[in-house]
Amino acid sequence: MTNTTHFGYKTVAEEDKVREVAKVFHSVAAKYDIMNDVMSAGLHRLWKTFTIANAAVRPGFKCLDIAGGTGDLAKVFAKQAGPTGEVWLTDINESMLRVGRDRLLNRGLVTPTLLCDAEKLPFPDNYFDRVSVAFGLRNMTHKDQALKEMRRVLKPGGKLLVLEFSKVAAPLQKPYDLYSFKLLPWMGEKIANDAESYRYLAESIRMHPDQETLKTMMEEAGLERVNYYNLTAGIAALHTGIKM
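Below or above, wherever it landed, is the structure these notes cover. (Residues numbered from 1 in each chain as written. Predicted model: local features only at pLDDT ≥ 70, side-chain atom pairs only at ≥ 80, totals over all residues. Heavy atoms only, no water.)

What to know about the packing of aromatic side chains
Evaluated as defined, the whole model comprises 8 aromatic pairs. Consider the rings of Trp-47 and Phe-165, whose centres lie 6.2 Å apart with planes at 90°: the pair is edge-to-face. Taken together, the residues span a long stretch of sequence, with Trp-47 in helix H3 (residues 43-55) and Phe-165 in strand S7 (residues 154-165) at a distance of 118 residues. Across the pair, Phe-165 and Trp-47 agree in class, each one buried. Between the aromatic rings of Trp-88 and Phe-123, the centroid separation amounts to 5.2 Å while the plane-to-plane angle is 70°, which identifies the pairing as edge-to-face. Of this pair, Trp-88 sits in strand S4 (residues 86-91) while Phe-123 sits in the loop between strand S5 (113-115) and strand S6 (128-134), and the two are 35 residues apart along the sequence. Note on accessibility: Trp-88 and Phe-123 belong to one class, buried. (Phe/Tyr/Trp six-rings, centres within 6.5 Å; stacked < 30°, edge-to-face > 60°. Helix = DSSP H or I, 4+ residues; strand = E, 2+ residues; numbered from the N terminus. Buried < 20%, exposed > 50% of the residue type's maximum accessible area, 1.4 Å probe, protein only.)

Laid out in structure tokens, this is it:
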């Protein structure tokens, strides 16, 4: 019997979701940064800056950036970790990974990049000081398995940082829905010539676990001292957890 999951609001076979998510990011990779700036009014840069501050990467640290996209976090981590550190940029989508790798190289940063699945990380146990995933967890089919893998590769005392869209505060729900389901696909069509991918984005946000549910999932994955910070009234949230 085929296992099913959600792709936005659609119910699909698990293997189909992997292909459909891949198609979305192959489509948007070239315009990914432009669309992020437009659809968040630049706020995604502030959210990532907050995440980087909470990571507190120091020289010599080993860091893993999962679903790293165009390399915004990996770029800063590589500078902070310095020549004695080790920072990996990974993504399951080849188009996104190529964009991220090229951006790092254009800034003179030679750091390892790897095409890999977050649910089956090809790294040894207890290896990284920091693991981060920004706006990638909601696209994963088995989020619980991915979180367990992230914990597995962390060193004792290491920190996981999950930056993701979350549940917005109630007073903003109606205008946020209007923006998400009307304006966002329109901008996707005008800027990236792709309304459907941005319609999926809006739907995937609504299907993602809310702040408290994700906190519980991280605790069930074995992380401790799990906390979260609402950003811009809950439009996004940063969850952190420690491997003890």
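So, the environment of Asp-65
By the secondary structure assignment, Asp-65 is in strand S3 (residues 62-66). With 129 residues separating them in the primary sequence, Asp-65 and Asp-194 have C-alpha atoms 27 Å apart. Setting aside anything within four residues of it in sequence, one finds Asp-65 in contact with Leu-73, Ala-74, Trp-88, Leu-89, Thr-90, Ser-132 and Val-133. At 2.8 Å, the side chain of Asp-65 forms a polar contact with the side chain of Ser-132. (Contact = heavy atoms within 4.5 Å. Polar contact = N/O pair within 3.5 Å; in protein donor to acceptor, adjacent residues only side chain to side chain.)

Focus on the pairing of strand S2 (residues 10-13)
Examined bridge by bridge, strand S1 (residues 4-7) and S2 share 4 bridges and lie antiparallel to one another. Each residue of the ladder has a partner; that of Thr-4, found in S2, is Ala-13. Hairpin connection, S1 to S2: the antiparallel pair is bridged by 2 residues, and Gly-8 has positive phi, about 65°. (Pairing = 2+ DSSP bridges.)

Remarks on the packing of helix H2 (residues 32-40) against helix H7 (residues 173-192)
Between H2 and H7, the least distance of the axes is 11 Å, while the angle of their chain directions is 145°. The element H2 and its partner H7 pack so that their crossing is right-handed. Seen from H2, the contacting residues are Ile-34, Met-35, Val-38, Met-39 and Ser-40; seen from H7, they are Tyr-179, Leu-184, Met-187, Gly-188, Ile-191 and Ala-192. Its residues placed into classes, the contact of H2 with H7 shows 9 nonpolar, 2 polar and no charged. (Axes fitted to C-alpha atoms, helices over the stretch in contact; angles between N-to-C directions. Left-handed = near helix turned anticlockwise from the far one by under 90°. Nonpolar A, V, L, I, M, F, W, Y, C, P; charged D, E, K, R; others polar.)

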